[in-house]
Amino acid sequence: MKYKLICIDMDGTLLNNKFTIPDENIRALKEAMEKGVKIALVTGRPFNIASYFKRFLGDDVLTVGTNGTYYKYGEVLYKKTLSADEIETIYNIVEKHKLTAYFKGHNIVLSNEKIPENHQYKMIDTYLNDEEKMNLFDNCSLQFTLENHNENICKCIVFSDDTEAVNKAKQELKQYNILEVVSSHVNNFEAMQLGTSKGIAVKSLCDNLNVKPEELICIGDNENDLSMLQFAGLGIAMGNAPEEIKLQADYVTDNNVNCGVAKALDLFLK
């Protein structure tokens, strides 16, 4: 089987626990690209933040940001955004359960609380030029969020150390049946436009690249990755993935700390 495209989640998959790409993963991905295989980073992170990591891999790497809601390929702009009504619904549930929310677009984050000074986005911003930088807004009211979203908010991630409150809010939001709601960690959930997911965005990307599902490898570690793992000809779960994700994957590799991405690619791209 000749694979033509590899789609890789970032947090808990490509990245280690220090928010960096291990050298072994960089080596394996560059070797894959030398063989003519295209690479796409498919992440819950905003497009601009994900694109920062291309400097370690190469300009040819593609990026699908904010959980499959935004990517660019040539003249193609794939963009799925939240409506004002959807933002208001999410915001009200977040405030009810006293949670933190980051409303994200490809280059913007609006938070209902203070964004810490040591946040990864603020660190990465120092390496980006003015056109690439993130626009970060703290302590945003609902009114400010609605006034400044300008049809550019692709998703909202809601999180807290109070996992019970997070789960209650997640289940409450899901009952509305107006949004895609998935988790990327036990302490969060992410809400996007109904009918969007990493899997749907990856299918769109494959159509643009003329790549068949059987020519696709997808690698991920959590619930928000499941749609693309199921779409791919070869869906690979990380060793640190929850058991229910591993059970639905075609193969389980090592964890993200032990360079599971590199180990899987060394095995399947011989």
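Structure: see above.
Residues numbered from 1 in each chain as written. Predicted model: local features only at pLDDT ≥ 70, side-chain atom pairs only at ≥ 80, totals over all residues. Heavy atoms only, no water.

**Some words on the overall build of the protein chain**
Counted only if it meets this: The helix and strand labels rest on DSSP assignments: H or I over at least four residues marks a helix, E over at least two residues marks a strand, and numbering proceeds from the N terminus. The globule rule used here is 2.2 Å times the number of residues to the 0.38 power, and the radius of gyration it is set against is calculated over C-alpha atoms. Burial classes: relative accessible area under 20% of the type maximum marks a residue as buried, over 50% as exposed, and values in between as partly exposed (1.4 Å probe, protein chains only). Should any heavy atoms of two residues lie within 4.5 Å, those residues are counted as being in contact. Methods summary: accessible areas were calculated by the Shrake-Rupley approach with a probe of 1.4 Å, and residue burial reflects only the protein chains presented. Working convention for charge: Lys and Arg count positive, Asp and Glu count negative, and His plus the chain ends are omitted. Where a charge lies is defined by one atom per residue type, namely NZ (Lys), CZ (Arg), CG (Asp) and CD (Glu).
Within the protein chain, the regular secondary structure consists of 11 helices and 14 strands. Radius of gyration (C-alpha) of the protein chain: 18 Å, near the 18 Å computed for a compact globule of 270 residues. Taking the principal axes of the C-alpha coordinates as reference, the protein chain spans close to 55 × 40 × 35 Å. For the protein chain, the residues scored as buried account for 55% of the 270 residues in total. Taking contacts inside the protein chain between residues at least 6 apart in sequence as the whole, the part at least 24 apart equals 62%. Surface exposure of the protein chain reaches about 12,200 Å², of which carbon and sulfur atoms provide 46%. Charge-centre separation for the protein chain: the mean point of 29 positive side chains lies 4 Å from the mean point of 39 negative side chains.

**Quick look at the layout of surface pockets**
Just so we agree on the cut-off: Space inside and on the surface of the protein is sampled on a 1 Å grid over the protein atoms alone, with a cavity defined as a set of points where a 1.4 Å probe fits but cannot get out and a pocket as an open set with protein on both sides within 12 Å along at least 5 of 7 lines; lining residues have an atom within 4 Å of a point. Grid points are joined across faces, edges and corners, and a volume is the space filled by probe spheres set on the points. Note that Gly is not counted as nonpolar here; it falls among the polar residues with everything else outside the nonpolar set of Ala, Val, Leu, Ile, Met, Phe, Trp, Tyr, Cys and Pro and the charged set of Asp, Glu, Lys and Arg.
In this model, the largest pocket occupies a volume close to 810 Å³. Forming the walls of the largest pocket are 33 residues, and the residues nearest its centre are Asp11, Arg45, Gln120, Ile157 and Asn188. Elements represented by at least two residues in the lining of the largest pocket include exactly helix H1 (10-14), strand S6 (100-104), helix H5 (120-125), strand S9 (155-159) and strand S11 (188-193). For the lining of the largest pocket, the residue count by class is seven nonpolar, 16 polar and 10 charged. Of the volumes computed, that of the second largest pocket is approximately 200 Å³. For the lining of the second largest pocket, the secondary structure elements donating two or more residues are helix H7 (163-174) and helix H10 (243-246). For the lining of the second largest pocket, the element with the most residues is H7, which contributes four residues. Partitioning the lining of the second largest pocket into residue classes produces five nonpolar, seven polar and three charged.

**Brief notes about helix H11 (residues 260-268)**
Listed as buried for H11 are Gly260, Val261, Ala262, Ala264 and Leu265. Each element contacted by the buried residues of H11 is listed here: strand S1 (5-8), H1, helix H2 (23-34), strand S12 (216-220) and strand S13 (234-237).

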